[in-house]
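Architecture and fold: a report
Listed below, chain by chain, are the residues.
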Amino acid sequence: MTNAPATSSVAGPVLRGLHNATIKKNLAISLGLTAIITVAYKLMINDPKKAAYADFYSKYDANKSFERMKAAGRFQSC
Amino acid sequence: MSTWANLGLQDSASPLMEQLIFFHDHALLILVMITVLVGYLMFMLFFNNYVNRFLLHGQLIEMIWTILPAIILLFIALPSLRLLYLLDEINEPSVTLKSIGHQWYWSYEYSDFNNIEFDSYMIPTNELSTDGFRLLDVDNRIVLPMNSQIRILVTAADVIHSWTVPALGVKVDGTPGRLNQTNFFINRPGLFYGQCSEICGANHSFMPIVIESVPVNYFIKWISSNNS
């Protein structure tokens, strides 16, 4: 008796609708990736920059800054 | 001011420039989104072995890739128009500065006060002090009050020049025979630099602009000390 070779079941080729199925899969991945990167960009770049400006100006003392620059001799006019 | 390896816009010294920076970030966000989407689709082409030889038309996908870009453009256009109209708002300037471009220096006039006029030449590199900025520092700086609305009228005496200070979001062409007007507001003290932005001959790169922003009382003192 010959030993029967071990077989494993292989998925058959997709015979119909491969294009649509591929498009759906790629669309899902691309939209997901786009959403993640867009949200990450917004949360890591856009929002921190706005917050940095708001924070800077909330604590900013223009006159103190001016006095510091004047003491360092940066101005020609005074 | 610009420092080495500066990739982005300069830090703003004006509320309008702040809005321009935020709008730029918003537009760039949309561009990144489109680039990632299209980039992924193009990348996946490397791994495709098949062709759909029965493909004739795709009405649905054509509709989608027409309407979706139109919607995306709306997200860019509406903030853009808001900012465009904001930049043109009428306000009451407290100081008017006249700037005349020459080959190759700027001259300034403060006709509100005693007709103060002066020329502003770049400091040559061989005369620059060790703490000076090469190709940016000038002999006579423009002194302006901070936290005040300023009107600038720009023209030129010979060829077209362009007066610009990136930190304030200002760029105005100076054309001979024409007066161009714009307004700006400086919300912090300091020195703000710019360079001529319209090709005007051999020394186009060597006619910079420097604004000294000081509190109003110091500005008035400077005006009084410069009575002509």
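Residues numbered from 1 in each chain as written. Chains lettered and ligands numbered in written order. Predicted model: local features only at pLDDT ≥ 70, side-chain atom pairs only at ≥ 80, totals over all residues. Heavy atoms only, no water.

In the nomenclature of an unreviewed UniProt entry, chain B corresponds to Cytochrome c oxidase subunit 2 from the organism Drosophila gunungcola. Here chain B is described in UniProt, under the heading Catalytic activity (unreviewed entry), as follows: "4 Fe(II)-[cytochrome c] + O2 + 8 H(+)(in) = 4 Fe(III)-[cytochrome c] + 2 H2O + 4 H(+)(out)". Database annotation for chain B, UniProt heading Sequence similarities (unreviewed entry): "Belongs to the cytochrome c oxidase subunit 2 family." (UniProt positions renumbered as here; feature names shortened; annotations may be inferred.)

Chain A carries the name Mitochondrial cytochrome c oxidase subunit VIc/VIIs domain-containing protein in an unreviewed UniProt entry, which gives Drosophila gunungcola as its organism. What the UniProt record of chain A gives under Sequence similarities (unreviewed entry) is the line "Belongs to the cytochrome c oxidase subunit 6c family." Under the UniProt heading Pathway (unreviewed entry), the entry covering chain A gives this text: "Energy metabolism; oxidative phosphorylation."

We now examine the overall build of chain A. Of regular secondary structure, chain A possesses two helices and zero strands. For 78 residues, the compact-globule estimate of 2.2 N^0.38 gives 12 Å, and chain A exceeds it by more than 25% at 32 Å. For chain A, the spread of C-alpha atoms along the principal axes amounts to about 105 × 35 × 25 Å. Across the 78 residues of chain A, 17% fall into the buried class. Accessible surface computed for chain A: about 6,200 Å², of which carbon and sulfur atoms make up 64%. Within chain A, the 4 negative side-chain charges are centred at a point lying 17 Å from the centre of the 11 positive side-chain charges. (Helix = DSSP H or I, 4+ residues; strand = E, 2+ residues; numbered from the N terminus. Rg over C-alpha atoms; globule rule 2.2 N^0.38 Å. Buried < 20%, exposed > 50% of the residue type's maximum accessible area, 1.4 Å probe, protein only. Areas by Shrake-Rupley, 256 points an atom, 1.4 Å probe, with all protein chains shown as cover. Lys, Arg positive; Asp, Glu negative; His and termini not counted. Charge placed at Lys NZ, Arg CZ, Asp CG, Glu CD.)

Residues and elements named next belong to chain B. For strand 5 (residues 149–156), the buried fraction is high: seven of the eight residues fall into the buried class. Bridge count for strand 1 (residues 95–102) against strand 5 is seven bridges, and the pairing is parallel. Looking at the pairing, Gly-101 lines up with Ala-156 of strand 5. When strand 5 meets strand 8 (residues 180–185), the two strands line up antiparallel, connected through six bridges. Counterpart to Val-154 in the pairing with strand 8 is Asn-180. (Pairing = 2+ DSSP bridges.)

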